[in-house]
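The lines below spell out each chain.
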Amino acid sequence: MTWTIAPEPYDSAVAAGLWRAYYTEVSDRWYLLHEGRRTDPDELEREVAAHTGAELDPPSGQLLVGRYGGTPAGSAGVRLLDAATAELTRVFVLPGARGTGGAALLVAAAERAARELGAARIVLDTRGDLVEARALYARLGYTETGPHNADPYAEHWFAKALSWGGTRGRRRAAARGRSRTARR
């Protein structure tokens, strides 16, 4: 089977299903580690509803969905924090598709999307217990940095410079920058 990755509306049923699976897993991991229990179902519903992903809507963000063998199996999102910096978020692969290379493909696609948004740098945060995520980011060339946000659950912050992919990519990014400036 192969992976295909494409933009997805943040409010689609596919995006909502992957967001629920992602949030359930990371929330349950935190609660099991710190309180010995799973996430309260009412809290889960409140948090899923409160974090819609609207910040991943173009023109200042992008949600990507990876399909493995045609079935939605993972996601990654980027959003601009400022004109030169994008944040990588919601990187997730369903358990049944892990170990197939999907996470690295999703991050690479998110980096391309960040460059197309005009970013020269991409940052992210993660928790200490998400050791798989930290290993992935280090393997993909991200370096650990100081905090870039005040997220109460963030314990590790990473950054990576984005290359422009040659003259064509730089010209495209410069044109986007001019059109973005013209809209302000």
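The notes below deal with the structure included here. (Residues numbered from 1 in each chain as written. Predicted model: local features only at pLDDT ≥ 70, side-chain atom pairs only at ≥ 80, totals over all residues. Heavy atoms only, no water.)

## Concerning the sheet that holds strand 6 (residues 143-145)
Whenever strands of a sheet pair, they do so through backbone hydrogen bonds, lying parallel or antiparallel. With mixed pairing, seven strands are arranged side by side in an open sheet as 1-2-3-4-5-7-6. Each of the sheet's edge strands pairs with one partner strand only, and the pair in question is strand 1 (3-7) and strand 6. Strand-to-strand twist in this sheet, taken as the mean axis angle between neighbours without regard to direction, amounts to 30 degrees. In this sheet, strand 7 (residues 156-161) lies alongside strand 5 (residues 121-126) in antiparallel orientation, the contact comprising six bridges. Counted as the bridge partner of T126 is H156 from strand 7. Contacts from helix 1 (residues 13-35) reach strand 2 (61-68), strand 3 (71-82) and strand 4 (85-93) within the one sheet, and its direction differs from that of strand 4 by about 80 degrees. (Pairing = 2+ DSSP bridges. Helix = DSSP H or I, 4+ residues; strand = E, 2+ residues; numbered from the N terminus. Axes fitted to C-alpha atoms, helices over the stretch in contact; angles between N-to-C directions. Contact = heavy atoms within 4.5 Å.)

## Examining the nonpolar core
Judged by nonpolar contacts, the single largest core of 36 residues is most densely connected at V78, L88, V107, A114, I122, Y137 and Y142. Apart from the residues within four sequence positions on either side, L88 is in contact with A76, G77, V78, V107, A110, I122, V123, L124, Y137 and Y142. (Core = buried A, V, L, I, M, F, W, Y, C linked by side-chain atoms within 4.5 Å. Buried < 20%, exposed > 50% of the residue type's maximum accessible area, 1.4 Å probe, protein only.)

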